[in-house]
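# Coordinates in review
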Amino acid sequence: ESKGIGTRAGDMAAPLTIFFFSLYLLVLLVGILGDGFIAGLLGSVWVRRRKLPPCDMIVASLGTSRFFLLLLSMLNGICILVSPRPYYSPFLFYCMFFWDLLNLFSFWFAAGLSVFYCVKITTFTHPFFLWLKQKISGMVPWFLIGSILVSCVSTFPFIIHNSANSTWCNNSGNRTEVDWKTFQSLKVLVMIFIPMSVPVLLLLISSILLATSLRRHLRAMQHHGPGLQDCSTKAHRRALASLTSLLSFYVWYFISLVLTSAFTIPFDSSWIWLVQLATFLGTTCHPLLLTWNNPKIRRALERRLHHISACQTP
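Residues numbered from 1 in each chain as written. Predicted model: local features only at pLDDT ≥ 70, side-chain atom pairs only at ≥ 80, totals over all residues. Heavy atoms only, no water.

### Description of the overall build of the protein chain
From N to C terminus, the protein chain includes 9 helices and 0 strands. The helix and strand sequence of the protein chain, counted from the amino end, reads α-α-α-α-α-α-α-α-α. Of all 314 residues assigned to the protein chain, the portion counted as buried reaches 44%. Here the contacts in the protein chain between residues at least 6 apart in sequence split such that 81% fall between residues at least 24 apart. Working note: accessible area of the protein chain is about 17,000 Å², and carbon and sulfur atoms make up 71% of it. (Helix = DSSP H or I, 4+ residues; strand = E, 2+ residues; numbered from the N terminus. Buried < 20%, exposed > 50% of the residue type's maximum accessible area, 1.4 Å probe, protein only. Contact = heavy atoms within 4.5 Å. Areas by Shrake-Rupley, 256 points an atom, 1.4 Å probe, with all protein chains shown as cover.)

And the structure:
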């Protein structure tokens, strides 16, 4: 009788798994298309003109890192669905290494975008802010290179831990399961919380500074009539809306990564895809919002859609 109950539960889990996994793939596909369009558009301009505005350089780097991150997540999810046990193989273990590396790239580039918006829009008169406002455009390429180097250095614990545990090559026995849980605990502290908390903190500080600058600016406008300062107010509010959405998406993603790593879910469970869907929802929504808020990208998308519709018209 218990065997019959288990069989019925497995029969019910299969359609649920397919449903959640289909939603998971759909969400990732939306993010891949959005980030791929942004990276392809700005990347082609970068290659053709050999230069790109500093803000667009960060956006292109962010779109590229997220494109490969979501693509790798999709391939990894397909491998888990097809065969959960080989997830412990060295090949997929190194896929996790590149996945964590791309995650760090994405967090640092998002932090760089928020800092750039903050410095360019805020109206603080502190000498450091005035100096940074003049120099930040030239510092963007060095920031991108530094972010890549810091991310690579942050993944060293992953390599050290992998070298010290040869049992990853073993696909049977309790030892592998124990090592997996031990690795998960290490990953929460070293691979996620510590390296990613720094760019998340930069995101938070940038949003707070921009909100403070907007509040001071609105107070100053109470003593002056409307005029040119309205443009500054609009710029403040647009930038604050962009930073707030960016902060919300990445804080949600950061918390989800920590929780899913701390509390493991069996790979053969249907609910793992619902959890993954909730985890990646913010990062797939952001490229859509970024496309809408960036006039250059939005116009390029409208031209592409108009061209496609014109080609389909008989």
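That was the structure; now back to the text.
### Comments concerning the UniProt feature "transmembrane region" (unreviewed entry) in the protein chain
Mapped onto this numbering, the UniProt entry annotates "transmembrane region" (unreviewed entry) at residues 18–47, 67–85, 140–160, 188–211, 243–265 and 271–292. Secondary structure content for residues 18–47 is 100% helix and 0% strand, and the end C-alpha separation is 41 Å. (UniProt positions renumbered as here; feature names shortened; annotations may be inferred.)

### Some remarks on unusual backbone geometry
Non-glycine residue Arg50 carries a positive phi angle of around 60°. For Arg50, the position within the fold is in the loop between α1 (2–49) and α2 (54–82). Under the relative-accessibility criterion, Arg50 is labelled exposed at 72%.

### Brief notes about the side chain of Thr155
Note on placement: Thr155 falls in the loop between α4 (127–154) and α5 (156–163). In terms of polar contacts, Thr155 uses its side chain to reach the backbone carbonyl oxygen of Cys152, at 2.6 Å. (Polar contact = N/O pair within 3.5 Å; in protein donor to acceptor, adjacent residues only side chain to side chain.)

### As for the nonpolar core
Core analysis: the biggest nonpolar cluster contains 55 residues, and Val59 and Phe107 have the highest contact counts within it. For this core, the secondary structure elements donating two or more residues are α1, α2, α3 (90–121), α4, α6 (174–221), α7 (229–262), α8 (271–293) and α9 (295–312). Considering every element that reaches this core, the biggest residue donor is α3, with 13 residues. Ignoring anything within four residues of it in the chain, the contact list for Val59 reads Ile38, Leu42, Leu113, Leu290 and Ile297. Core analysis: the next-biggest nonpolar cluster, separate from the first, contains 5 residues, Leu210, Ala239, Leu240 and Leu243 among them. (Core = buried A, V, L, I, M, F, W, Y, C linked by side-chain atoms within 4.5 Å.)

### Details of the packing of aromatic side chains
Inspection of the entire model under this criterion finds 16 aromatic pairs. Aromatic side chains Phe21 and Tyr24 sit 6.0 Å apart centroid to centroid with 35° between the ring planes, which places their arrangement in the tilted category. Taken together, the positions of Phe21 and Tyr24, both in helix α1 and 3 residues apart, correspond to about one turn of that helix. Comparing Phe21 with Tyr24 shows no difference in burial state: the two are buried. Between Phe67 and Phe68 the ring centres are 5.2 Å apart and the planes differ by 80°, which places this aromatic pair in the edge-to-face class. For Phe67, a relative accessible area of 24% corresponds to the partly exposed category. (Phe/Tyr/Trp six-rings, centres within 6.5 Å; stacked < 30°, edge-to-face > 60°.)

### A word on the packing of α2 against α4
Packing of α2 against α4 leaves a shortest axis separation of 9 Å and a crossing angle of 20°. One way to sum up the angle between α2 and α4 is to call them roughly parallel. Remark: the crossing between α2 and α4 carries left-handed chirality. Counted together, Pro54, Met57, Ile58 and Ser61 of α2 and Ser137, Val140, Pro141 and Leu144 of α4 form the full contact between these two elements. Tallied by class, the residues present in the contact of α2 with α4 amount to 6 nonpolar, 2 polar and no charged. (Axes fitted to C-alpha atoms, helices over the stretch in contact; angles between N-to-C directions. Parallel < 35°, antiparallel > 145°, perpendicular 65-115°, else oblique. Left-handed = near helix turned anticlockwise from the far one by under 90°. Nonpolar A, V, L, I, M, F, W, Y, C, P; charged D, E, K, R; others polar.)

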